[in-house]
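For reference, the chains in residue letters:
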Amino acid sequence: MIKFDFNNMMDAYIGEQGISEKDIEAVLDKAQDSYAYFEKNRGTGWMGWSELPYNQESIVRDIIMTAADIRAKYKNFVVLGIGGSALGPMAVYNALCHLRYNELDESKRGVKFFVEDNVDPERMLALLDVIDPAETMFNVITKSGATSETMSQYLIITDILKKKCGEDWAKHIIATTSESKGNLIKLAKEEGFKTYFIPDGVGGRFSELCPVGLLPAAVLGIDIIGLLVGASEMDKKCNGADPYKNPALMAAVLQYIAMEQKGKNISVMMPYADSLKLMADWYCQLWGESLGKAVDFDGKTVHKGQTPVKALGVTDQHSQVQLYTEGPFDNVITIIGVEKFRKDVVIANGAEQFADVNFLCGHTMSELINTERKATEYALTRSKHMNRTILLDEVNARSIGQLLMFFQLETAYCGKMLNIDTFNQPGVEEGKNATYAMFDRHGYEAKKAELEAAPKKNEKYII
Ligand code: PA5
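Notes on the structure in this doc start here. All of these numbers come straight from a predicted model, not from anything done at the bench.

### A closer look at the packing of aromatic side chains
Reasoning step 1: The final tally for this structure, using the stated rule, is 17 aromatic pairs.
Reasoning step 2: With centroids separated by 6.1 Å and ring planes inclined at 45°, the aromatic side chains of Tyr35 and Tyr413 adopt a geometry described as tilted. On the criterion of sequence distance, the pair formed by Tyr35 in helix 3 (residues 28–41) and Tyr413 in helix 16 (residues 397–417) is long-range, its members being 378 residues apart. No difference in accessibility class separates Tyr35 from Tyr413, as the two residues are buried.
Reasoning step 3: Here the aromatic rings of Trp169 and Phe193 are separated by 5.6 Å at their centres, their planes lie at 80°, and the arrangement is edge-to-face. Within this pair, whereas Trp169 is found in the loop between helix 7 (148–165) and strand 5 (173–177), its partner Phe193 is found in the loop between helix 8 (183–191) and strand 6 (194–197), the two being separated by 24 residues in sequence.
Reasoning step 4: Ring pairs connect the aromatic residues Phe4, Phe6, Trp282, Tyr283, Trp287, Phe406 and Phe407, which therefore count as one cluster.
Reasoning step 5: Above the face of the Trp169 ring, Lys162 is positioned so that its terminal group lies 4.8 Å from the ring centre.
Reasoning step 6: Over the ring of Tyr37 we find Lys416; its NZ or CZ atom is 4.4 Å from the centre of that ring.

What follows is the structure, encoded as structure tokens:
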């Protein structure tokens, strides 16, 4: 099991910047309410994601068969999606495939893998420079079936497929979407696309463990059963309202105290492993979009949230860490460590004459990265900056499943403690609606009028 070490959030280690056991005691009722609320609503409403490790047996079987078929017939697998429909697949790919997967010789990998999560025209054309759509399976992922970015990509790609593949074009598309609403499901039925469903109670950023993430992972040969087993292991470990026995609940309690009482408005996610680099991107969406809310459950304006920032160890020791050790006491730094790297490299001899280089020789790179991780932890703690460590024995499907579930549970518990709706995203919707209005979409006339009435920019301030 992954371990959650919160020593360096406590006052015993970082003095008055830290949290005391009394502080934890004082919010225990709130924590227990949050746990009870989660347990009561498991699998219902927006908590559908909590049951994903247990209720997908036949879907998983279908996905594994489909994935094998894709690997046999296609050279490329391209995900078209954004936000929660892209960040999970990217994070799991990065964690569990070769770090230069697409560049490997064909004999050493499966289909090439791409996730297109932007509408930058240069990026779309760059993709088309390196894949032949006729040899590609496109997985269009959008829960709402209406997101402009994903639907524009869908339109561009289907136009190309129709020209290149004739009647067979629809065989190149798999739609992952809501069964009951949106346009993609209607198109899927009309065109006969193979389809997977995103369950109603599974929001975008909580969807990695449903077909959104499972199909791309299976195509890459990742052990998706292992991912789900890992998630269930973490779910079971987090069984109980005592934070000292439920790591995700303790993590939520400490973050709650950190942001509400200790002025820690920033959450830095800093894995010490390149394979976990994109896990930080996935976490940033989960934490930021879930907790950043203007209004609470009682309709009160509260402006809650903690700004997520991604960093990478050791790379960012040579940039951001200066700020984290000497700058303001406004953040919680989460270090993710890996005890055993899957591969290792010995640092060769060759500088015997230079004592200040030679000390490295004979050690392994994993020793170096892990020593630097512990050294950064020490430096942060010494300077009284709040930090915590999540330790993975090894990066594998089970530990990644555990990690995903840990952060999802932490977010759900913390959102409830903050008394906000963890599962909506009105701020994101606002931007989507303004785009529709500017594109003169039918039904958005009032929004267009609102935009036109907004104060015009002052030329004086553009220099
Ligand atoms: O977490 C969320 O709900 C969002 O980030 C969505 O995933 C994102 O906006 C994409 O939405 P959709 O999957 O409907 O295209």
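### Examining the pattern of salt bridges
Reasoning step 1: Tallied over the full model, the rule gives 21 salt bridges.
Reasoning step 2: Glu430 is the partner of Lys447 in a salt bridge, and the nearest nitrogen-oxygen pair spans 2.8 Å. With Lys447 in helix 18 (residues 445–453) and Glu430 in helix 17 (residues 426–438), this pair connects stretches of sequence that are 17 residues apart.
Reasoning step 3: Taking relative accessible area as the criterion, Lys447 reaches 14% and is therefore assigned buried.
Reasoning step 4: With relative accessibility at 37%, the residue Glu430 sits in the partly exposed group.

### Some remarks on the nonpolar core
Reasoning step 1: Counting 103 residues, the largest nonpolar core has Trp49, Leu227, Leu276, Ile400 and Phe407 as the members making the most contacts within it.
Reasoning step 2: Mapping this core onto the domain boundaries places at least three of its residues in each of domain 1 (3–41 + 228–417) and domain 2 (48–222).
Reasoning step 3: Once residues within four sequence positions are removed from consideration, Trp49 is found in contact with Phe38, Gly201, Val202, Phe206, Met405, Gln408, Leu409, Ala412 and Phe423.
Reasoning step 4: Grouped together as the second largest cluster of nonpolar side chains are 20 residues, Val78, Phe114, Phe138 and Ala188 included.

### Regarding the packing of helix 4 (residues 57–73) against helix 9 (residues 211–219)
Reasoning step 1: Where helix 4 meets helix 9, the closest approach of the two axes is 8 Å, and the angle between their N-to-C directions is 40°. Relative to helix 9, the element helix 4 is oriented oblique. Our pair here, helix 4 against helix 9, has a crossing hand that is right-handed. Of the residues in helix 9, those touching helix 4 at Ile59, Val60, Ile63, Thr66, Ala67, Ile70 and Arg71 are Pro211, Leu214, Leu215, Ala218 and Val219.

### Comments concerning unusual backbone geometry
Reasoning step 1: Cis geometry is adopted by the peptide bond preceding Val314, which originates at Gly313 and carries an omega value of 0°.
Reasoning step 2: With respect to the secondary-structure elements, Val314 resides in the loop between strand 10 (307–310) and helix 13 (321–326).
Reasoning step 3: The phi dihedral of Asn419 is positive, around 65°, even though this residue is not glycine.
Reasoning step 4: When its relative accessible area of 21% is taken as the criterion, Asn419 is described as partly exposed.
Reasoning step 5: Phi at Asp440 is positive, roughly 55°, even though this residue is not glycine.
Reasoning step 6: Among the secondary structure elements, Asp440 is positioned in the loop between helix 17 and helix 18.

### Focus: the sheet that holds strand 1 (residues 3–5)
Strand pairing within a sheet occurs via backbone hydrogen bonds; the two strands may be parallel or antiparallel.
Reasoning step 1: The five strands lie next to each other as 1-12-11-7-10, forming an open sheet whose pairing is mixed. Of all the strands in the sheet, the pair left with one neighbour each is strand 1 and strand 10. Strand-to-strand twist of the sheet, defined as the mean angle between neighbouring strand axes without regard to direction, takes the value 20°.
Reasoning step 2: Bridge count between strand 7 (residues 266–271) and strand 10: four bridges; the pairing is parallel.

### Details of the sheet that holds strand 4 (residues 136–142)
Reasoning step 1: One open sheet holds the five strands; their spatial order is 3-2-4-5-6, and the pairing between them is parallel. On the outer flanks of this sheet lie strand 3 (112–116) and strand 6, each paired with one strand and no other. Within this sheet the neighbouring strands show an average axis-to-axis angle of 15°, counted without direction.
Reasoning step 2: Taken together, the four bridges between strand 5 and strand 6 define a ladder with parallel strand orientation. Note that in strand 6 the partner of Ala175 across the bridge is Thr195.

Rules used in this analysis
Residues numbered from 1 in each chain as written. Predicted model: local features only at pLDDT ≥ 70, side-chain atom pairs only at ≥ 80, totals over all residues. Heavy atoms only, no water. Phe/Tyr/Trp six-rings, centres within 6.5 Å; stacked < 30°, edge-to-face > 60°. Helix = DSSP H or I, 4+ residues; strand = E, 2+ residues; numbered from the N terminus. Buried < 20%, exposed > 50% of the residue type's maximum accessible area, 1.4 Å probe, protein only. Lys NZ or Arg CZ within 6 Å of the ring centre and 35° of its normal. Salt bridge = Lys/Arg side-chain N within 4 Å of Asp/Glu carboxyl O. Core = buried A, V, L, I, M, F, W, Y, C linked by side-chain atoms within 4.5 Å. Domains from an automatic or database assignment. Contact = heavy atoms within 4.5 Å. Axes fitted to C-alpha atoms, helices over the stretch in contact; angles between N-to-C directions. Parallel < 35°, antiparallel > 145°, perpendicular 65-115°, else oblique. Left-handed = near helix turned anticlockwise from the far one by under 90°. Pairing = 2+ DSSP bridges.

Keep in mind these values describe shape, not function.
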